[in-house]
Amino acid sequence: MTNEHFLWEISKKPVPYPFAFARMQEISQKIRQNEAVERVWLLEHPPLFTAGTSAKAEDLFNPHHYPTYDAGRGGQWTYHGPGQRIAYVMLDLHKSHGLVPARDLRAYVHGLESWVISTLATFGLKGECREGRVGVWVIDPKTGQEEKIAAIGVRVSRWVSWHGISINLRPNMADFEGIVPCGIREYGVTSFEKLGLTVSQDQLDAALAENWQTVFGSLPSGFTEVEA
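Remember, predicted model here, so these are calculated numbers, not experimental data. (Residues numbered from 1 in each chain as written. Predicted model: local features only at pLDDT ≥ 70, side-chain atom pairs only at ≥ 80, totals over all residues. Heavy atoms only, no water.)

Comments concerning helix α3 (residues 201–216)
Okay, so step 1: With 16 residues, α3 extends 22 Å from end C-alpha to end C-alpha; this agrees with the ideal 22 Å at 1.5 Å per step.
Okay, so step 2: All of the buried residues along α3 are Leu204, Asp205, Ala207, Leu208, Ala209, Asn211, Trp212, Val215 and Phe216.
Okay, so step 3: One or two positions beyond α3, positive phi appears at Gly217, with a value near 85°. (Helix = DSSP H or I, 4+ residues; strand = E, 2+ residues; numbered from the N terminus. Expected span 1.5 Å × (residues − 1). Buried < 20%, exposed > 50% of the residue type's maximum accessible area, 1.4 Å probe, protein only.)

Some thoughts on the environment of Ile27
Okay, so step 1: Among the structural elements, Ile27 can be located in helix α1 (residues 17–32).
Okay, so step 2: Separated by 135 residues in the primary sequence, Ile27 and Trp162 have C-alpha atoms spaced 8.9 Å apart.
Okay, so step 3: Apart from the residues within four sequence positions on either side, Ile27 is in contact with Ala36, Arg39 and Met90. (Contact = heavy atoms within 4.5 Å.)

Digging into unusual backbone geometry
Okay, so step 1: Of note in the backbone geometry, Trp159 takes a positive phi value of approximately 70° without being a glycine.
Okay, so step 2: Its location among the elements puts Trp159 in the loop between β9 (146–157) and β10 (160–168).
Okay, so step 3: The class of Trp159 is partly exposed, set by a relative accessible area of 26%.
Okay, so step 4: Phi is positive for His163, which is not a glycine, with a value near 60°.
Okay, so step 5: Tracing the backbone through its elements, the reader meets His163 in strand β10.
Okay, so step 6: Accessibility expressed as a relative area gives 2% for His163, which makes it buried.

Some details on the layout of surface pockets
Okay, so step 1: Looking at the largest pocket, its volume works out to about 410 Å³.
Okay, so step 2: Along the walls of the largest pocket sit 16 residues, with Val109, Glu113, Arg133, Val134 and Gly135 positioned nearest its centre.
Okay, so step 3: Mapped by element, the contributors of at least two residues to the lining of the largest pocket are α2 (105–122), β7 (128–130), β8 (133–139) and β9.
Okay, so step 4: For the lining of the largest pocket, the element with the highest residue contribution is α2, accounting for 4 residues.
Okay, so step 5: For the lining of the largest pocket, the per-class residue count stands at 5 nonpolar, 6 polar and 5 charged.
Okay, so step 6: Computed from the structure, the second largest pocket encloses a volume of approximately 220 Å³.
Okay, so step 7: Here the lining of the second largest pocket is built from residues that sort into 9 nonpolar, 11 polar and 1 charged. (1 Å grid on protein atoms, 1.4 Å probe; cavity = no way out; pocket = protein on both sides within 12 Å on 5 of 7 lines; lining within 4 Å. Points joined across faces, edges and corners; volume = space filled by probe spheres on them. Nonpolar A, V, L, I, M, F, W, Y, C, P; charged D, E, K, R; others polar.)

Quick word on α2
Okay, so step 1: Given a rise of 1.5 Å per residue, 18 residues ought to cover 26 Å, and the 26 Å separating the end C-alpha atoms of α2 matches this to within 8%.
Okay, so step 2: Turning to α2, its buried residues are Ala107, Tyr108, Gly111, Leu112, Glu113, Trp115, Val116, Thr119 and Leu120.
Okay, so step 3: The residue sitting at the N-terminus of α2 and contributing the capping side-chain oxygen is Asp104; that oxygen lies 3.4 Å from the backbone nitrogen of Arg106.
Okay, so step 4: Gly124, located one to two residues past α2, shows a positive phi value of around 80°. (Polar contact = N/O pair within 3.5 Å; in protein donor to acceptor, adjacent residues only side chain to side chain.)

Rendered as structure tokens:
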């Protein structure tokens, strides 16, 4: 189903996590009550760590004492900070969306993965998924090692989604050492910058918008600015 009323929101300044969490929760409830429209919200957070429902205390080191929050989404520990593009996705999954059928959580997560992979391909990056490993992965051509470039963590409340994805554009990679990212010790984390790609946030945002429709069927609106 193509939704003609679909918002594409953006925050220009880093958004405190408690504000983002409360706003997502409120909007998802209103979507469920047909009092708000579906949307994608693009933003950055200041440096922080969020815990998913499977997070383990021993996987948090946090040498800089960044704030930590219980996200209530699936997954384990995730780092967020400047230079990382976050897209919070709030959809009514009672309905189909493009290639994603209604009431199919697995298909929804696969849709998010496909959206990220298509977006990476815009810049010549081959993103891949791996069984048993959350997120989207790329192979560093210099080392031949697989590293994660995007994290996916979703929460669905009465078939309305919130939380979403994060893509590493040019974050401080040392900050990821404060956790075991998503509980995976054997593989590292990468970014556009680490892979030698110079891509602006505006370019990444444009690619996310362009590739959204191919997966989810809705044509994004012009950017609507959201201030914390």
